[in-house]
Amino acid sequence: MSGQAGGLRRIGVLGGTFDPVHIGHLRSALEVAGALALDELRLVPNFRPPHRSTPQVAPEQRLRMVELAVQGAAPLLVDGRELMRDKPSYTVDTLESMRAELGEQAPLFLLLGWDAFCGLPGWHRWEALLQHCHIIVLQRPDADVEAPEALRDLLAARQVTDPNALIGPAGNITFVWQTPLAVSATQIRQSLANGQSVRFLVPDAVLAYIEAHGLYRQPL
Ligand code: ATP
């Protein structure tokens, strides 16, 4: 459903380590893109300091795996801007740089899991986030949703029940309910380190890349 709101592209942002990207990320991203009628959903690999990175997996390799994963999977795309710097980017800075490119009117949607959302008050300049984007909280259908005290006023002021009722380029919060696939990058790294197959947990092209480069073979 491209071209809503007078031809403006609707763009979503999903940050993550993607170490490696897997079908849990991709399936969830595709469902949210459908629910919000996004024209693009950008997967944004986060920078990780060298001492916290998986040995033998360079940031460019995490990026390359996401590129391979989203090939032919529109509206999913990859955005490597956080890896272009040599230190972690604050989410608010990433959104500001996207906003500068997209203009003031394009609707921008930041996707956050519930845990990340609850941690928002600890983020750098978190109160500025809603100037640049709407926040989409991904939540399990069976979850017990009790927001932390620090977020209650914000939710009372900004929450919209129906994701399709989000108006304008930024400023509201809504929930999208979805059941995540039981897959994690940690589990995938462990399996590979143990010499087990991760076929069908990652796209075939990602699996081929992991095998060709011998990634994640070292014991954790
Ligand atoms: P790790 O196991 O290394 O912590 P991860 O699999 O949780 O990694 P991240 O790169 O940290 O992957 O996640 C990026 C985003 O994707 C986060 O918002 C996270 O909540 C979400 N995510 C991770 N796994 C799933 C899944 N199975 N289904 C839906 N969303 C997921």
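Okay, so let's go over this structure. Source: prediction; values computed, not measured.

Conventions we followed
Residues numbered from 1 in each chain as written. Predicted model: local features only at pLDDT ≥ 70, side-chain atom pairs only at ≥ 80, totals over all residues. Heavy atoms only, no water. Near = heavy atom within 4 Å. Polar contact = N/O pair within 3.5 Å; in protein donor to acceptor, adjacent residues only side chain to side chain. Areas by Shrake-Rupley, 256 points an atom, 1.4 Å probe, with all protein chains shown as cover. Helix = DSSP H or I, 4+ residues; strand = E, 2+ residues; numbered from the N terminus. Nonpolar A, V, L, I, M, F, W, Y, C, P; charged D, E, K, R; others polar. Buried < 20%, exposed > 50% of the residue type's maximum accessible area, 1.4 Å probe, protein only. Salt bridge = Lys/Arg side-chain N within 4 Å of Asp/Glu carboxyl O. Axes fitted to C-alpha atoms, helices over the stretch in contact; angles between N-to-C directions. Parallel < 35°, antiparallel > 145°, perpendicular 65-115°, else oblique. Contact = heavy atoms within 4.5 Å. Pairing = 2+ DSSP bridges.

Glancing now at the site of the ligand. The ligand sits among 15 residues. The nearest are His22, His25, Leu181, Ala185 and Thr186. With respect to the ligand, the side chain of Thr186 contributes an N or O atom lying 2.5 Å from an oxygen atom. Taking Arg189, its side chain carries an N or O atom lying 3.0 Å from an oxygen atom of the ligand. Protein chains shield 71% of the accessible area of the ligand, which is 600 Å² for the free molecule. Elements with a minimum of two residues in the shell around the ligand: strand 1 (11-16), helix 2 (23-35) and helix 8 (185-193). A class-by-class count of the residues in the shell around the ligand yields 5 nonpolar, 9 polar and 1 charged.

Locating Ala157 in the fold gives a position in helix 7 (residues 149-158). Overall, the relative accessible area of 59% leaves Ala157 in the exposed class. In this structure, the C-alpha to C-alpha distance between Ala157 and Asn172, residues 15 residues apart in sequence, is 8.6 Å.

Pairing is possible between side chains of opposite charge, provided their charged atoms come close. Using the criterion set out here, one finds 13 salt bridges in the structure. A salt bridge links Asp79 to Arg42; the shortest N-O distance between them is 3.2 Å. A residue pair is termed long-range when its members are at least 10 positions apart, and Asp79 in the loop between strand 3 (76-78) and helix 4 (91-102) and Arg42 in strand 2 (residues 40-45) qualify at 37 residues. Since its relative accessible area comes to 8%, Asp79 is described here as buried. A salt bridge links Glu67 to Arg64; the shortest N-O distance between them is 2.8 Å. Of this pair, Glu67 and Arg64 both sit in helix 3 (residues 59-70), 3 residues apart, roughly one helical turn. Connected through shared salt-bridge partners, Arg9, Glu40, Arg42, Asp79, Arg81 and Glu101 make up one network.

This part covers the packing of helix 3 against helix 9 (residues 204-213). Packing of helix 3 against helix 9 brings their axes to within 8 Å, and their N-to-C directions diverge by 150 degrees. By the angle class used here, helix 3 and helix 9 are roughly antiparallel. Within the contact between the two elements, helix 3 uses Gln61, Arg64, Met65, Leu68 and Ala69 and helix 9 uses Ala205, Val206, Tyr209, Ile210 and His213. The class makeup of the residues in the contact of helix 3 with helix 9 is 7 nonpolar, 2 polar and 1 charged.

This next bit is on the pairing of strand 1. Taking burial as the measure, the 6 residues of strand 1 include 5 buried ones, the bulk of the element. In terms of strand pairing, strand 1 meets strand 2 through 6 bridges, oriented parallel. Paired with Ile11 across the bridge in strand 2 is Glu40. Across 3 bridges, strand 1 lies against strand 4 (residues 108-113) in parallel orientation. By the bridge assignment, Gly12 is partnered in strand 4 with Phe109.

On their own, these measurements won't tell you what the molecule is for.
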